[in-house]
Structures are given as structure tokens and as C-alpha cells.
Amino acid sequence: AQSVSQHNHHVILSEAASLELGCNYSYGGTVNLFWYVQYPGQHLQLLLKYFSGDPLVKGIKGFEAEFIKSKFSFNLRKPSVQWSDTAEYFCAVNPYGNNRLAFGKGNQVVVIP
Amino acid sequence: EAQVTQNPRYLITVTGKKLTVTCSQNMNHEYMSWYRQDPGLGLRQIYYSMNVEVTDKGDVPEGYKVSRKEKRNFPLILESPSPNQTSLYFCASSLEGRGNSPLHFGNGTRLTVT
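Residues numbered from 1 in each chain as written. Chains lettered and ligands numbered in written order. Predicted model: local features only at pLDDT ≥ 70, side-chain atom pairs only at ≥ 80, totals over all residues. Heavy atoms only, no water.

### Some words on the overall build of chain B
Consideration 1: Per the secondary structure count, chain B includes zero helices and eleven strands.
Consideration 2: When the helices and strands of chain B are placed in sequence order, the string is β-β-β-β-β-β-β-β-β-β-β.
Consideration 3: A compact globule built from 114 residues should have a C-alpha radius of gyration of about 13 Å, and chain B, at 13 Å, falls within 12% of that.
Consideration 4: If you line up chain B on its principal axes, its C-alpha atoms span 40 × 30 × 30 Å.
Consideration 5: Counting all 114 residues of chain B, 51% fall into the buried class.
Consideration 6: Across chain B, the fraction of contacts at a sequence separation of at least 24, relative to all contacts at a separation of at least 6, is 54%.
Consideration 7: Taken together, the 13 basic and 10 acidic charged side chains of chain B have centroids lying 6 Å from each other. (Helix = DSSP H or I, 4+ residues; strand = E, 2+ residues; numbered from the N terminus. Rg over C-alpha atoms; globule rule 2.2 N^0.38 Å. Buried < 20%, exposed > 50% of the residue type's maximum accessible area, 1.4 Å probe, protein only. Contact = heavy atoms within 4.5 Å. Lys, Arg positive; Asp, Glu negative; His and termini not counted. Charge placed at Lys NZ, Arg CZ, Asp CG, Glu CD.)

Here it is in C-alpha cells:
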């Protein structure tokens, strides 16, 4: 079955540490890729997206993600996290032309002040 | 303000008592969808709608119904709720459903079925 995999479901790190969250998908062909963030008690918000062009995309709040087509990956990074980055992060994949968006199971990130 | 509005935010009900969770968007979006979020399972799609009068099943449609009579509204109906439908539900919309536009989410409805 086609799927989206996120590893290290629970991540705990200190402020100023670097963060990298992995996302792998199993769809072939062209895909649109998203990262969404869910702060405690809130709804999901778009962090960044990739449709085409430069595989390194920058989003809000200093986040960036790199699309590596050969590895079917779209990893999320932030060089220096803050306490306010405590949230759950979801990778989502949409095969081009498909009207379904598949989500990974999420990464719960806790940043300790 | 552009938004997706869900009601109610919290709902406690008993097994078998029909309920409806409303969802409305004011962005003239074509595509609307319902998800449920459960710990360790992420978001799973229940139903989606590409446009008015067009709905289709997602990954976990059993026990749910939807309707799309108007572009702005996409209610989720549980005809006979059961405890395994206790979950956090999100409605979402986007400009179109072909994956070229991001989803806008509502604030969620936390449903408890006893």
C-alpha cells in the first residue's frame, strides 16, 4: 500500500539544538509534498510545501525541507529550535493529479528551555 | 477573516445517538475533507468532496456520512455513534483537490462516545 513514513515519533531536545525530521513516501511519479505543524491544542497549519523547482524549500519560522527524489524523501530541518517549536509535525504527500492527501503518523517534538 | 469553522468544539454523547458536526468555509474552496486524528495513527481521511454534490470515501469511512449540498458547508454525520469513534475530528478545505493547494484546517471537534 502507498504510504508516508515518519520516523522517531517522539523527539525531545534542548533549545538551540538542531532538528531534523525524516519523511519517506512510497508513491511513484510526481508528487506534491507538505509539512504541517500542530501546536498544542491548535489545528494544523501549513509549514511549507514543495511542488516543483528548487528541491530545498524554506517555510515559516526558520524551517526548511529538502526533497530528494531518488530517496523518496522530504526531510524537515531547523538549525536552532526554540521552546515555541514544541508541536506535532506531519508530513503529507499528494500524488500529482490525485485528489487524496496522505499523512504520516506525525512527530511529537518537545523542546526543553 | 478566511477560515474553516467547525462546531461544536467538544461533544460528549452516548452510543447510538445520532449527531452532526458542522463545517463551514468562507474561502469559496472547491475541495473539503474530514479527518480523524488518533494518537499514534496520525490523520486519517474519512470522506472528501471535490465539489458540490460530489463526495467520496477516504480511508476510514465506516460509520460516517457526509453531504455537500452547498459549496461552503460539509457536515459530518454519525448515524449511530460507537465508542471507537471517540476521536479528534478536523474539517479542512482547499482551493482545489488535485494537490496543488494546501489545506486549511478547522479548530477541531473532540468527540467522546460513551
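So much for the structure itself; the text now carries on.
### Brief notes about the state of the cysteines
Consideration 1: Following the criterion strictly, the structure yields two disulfides over all chains and no others.
Consideration 2: Residue pairing for A:Cys23: its cysteine sulfur links by disulfide to A:Cys91, the two sulfurs lying 1.9 Å apart. The S-S bond linking A:Cys23 to A:Cys91 shows a torsion near -65°; that makes this disulfide left-handed. Note that A:Cys23 is positioned in strand β4 (residues 23-25) and A:Cys91 in strand β10 (residues 87-95), a separation of 68 residues in sequence.
Consideration 3: Residue A:Cys91 is classed as buried on the basis of its relative accessible area, which comes to 0%.
Consideration 4: The residue that forms a disulfide with B:Cys23 is B:Cys91, at a sulfur-sulfur distance of 1.9 Å. With the S-S dihedral at roughly -75°, the linkage between B:Cys23 and B:Cys91 falls on the left-handed side. (Disulfide = S-S within 2.5 Å.)

### Topic: the packing of aromatic side chains
Consideration 1: All chains considered together, the criterion is met by 15 aromatic pairs over all chains.
Consideration 2: These aromatic residues form a ring-pair network of at least three members: A:Phe34, A:Tyr36, A:Phe51, A:Phe90, A:Phe103, B:Tyr35, B:Phe90 and B:Phe105.
Consideration 3: Positioned above the aromatic ring of A:Phe51 is the side chain of A:Lys49, whose terminal nitrogen or guanidinium carbon lies 6.0 Å from the ring centre. (Phe/Tyr/Trp six-rings, centres within 6.5 Å; stacked < 30°, edge-to-face > 60°. Lys NZ or Arg CZ within 6 Å of the ring centre and 35° of its normal.)

### Section: the side chain of B:Gln37
Consideration 1: Secondary-structure assignment places B:Gln37 in strand β4 (residues 31-38).
Consideration 2: We classify B:Gln37 as buried; its relative accessible area is 12%.
Consideration 3: Polar side-chain contacts of B:Gln37 include one of 2.8 Å to the side chain of A:Gln38. (Polar contact = N/O pair within 3.5 Å; in protein donor to acceptor, adjacent residues only side chain to side chain.)

### Focus on a nonpolar patch on the surface
Consideration 1: Residues A:Ile12, A:Val110 and A:Ile112 make up a contiguous nonpolar surface patch of roughly 260 Å² in combined accessible area.
Consideration 2: Examined against the element boundaries, A:Ile12 turns out to sit in strand β2 (residues 10-14). (Patch = residues over 30% accessible without salt bridge, like charges linked within 9 Å, V, L, I, M, F, W, Y side chains within 5 Å. Areas by Shrake-Rupley, 256 points an atom, 1.4 Å probe, with all protein chains shown as cover. Salt bridge = Lys/Arg side-chain N within 4 Å of Asp/Glu carboxyl O.)

### Details of the pairing of strand β11 (residues 109-113) of chain B
Residues and elements named next belong to chain B.
Consideration 1: Covered by surrounding structure in β11 are Thr109, Leu111 and Val113 only, the residues Arg110 and Thr112 on the alternate face being uncovered.
Consideration 2: Examined bridge by bridge, strand β9 (residues 87-94) and β11 share three bridges and lie antiparallel to one another. From the neighbouring strand, leucine 88 faces β11, where its bridge partner is arginine 110. (Pairing = 2+ DSSP bridges.)

### Regarding the environment of B:Ala92
Residue and element names in this part refer to chain B.
Consideration 1: Relative to the elements of secondary structure, alanine 92 occurs in strand β9.
Consideration 2: Among the residues examined, alanine 92 registers a relative accessible area of 0% and is labelled buried.
Consideration 3: With twelve residues separating them in the primary sequence, alanine 92 and histidine 104 have C-alpha atoms 5.3 Å apart.
Consideration 4: Those residues within four positions of alanine 92 in sequence are excluded, and the remaining contacts are Tyr31, Met32, Ser33, Tyr35, Leu103, His104 and Phe105.

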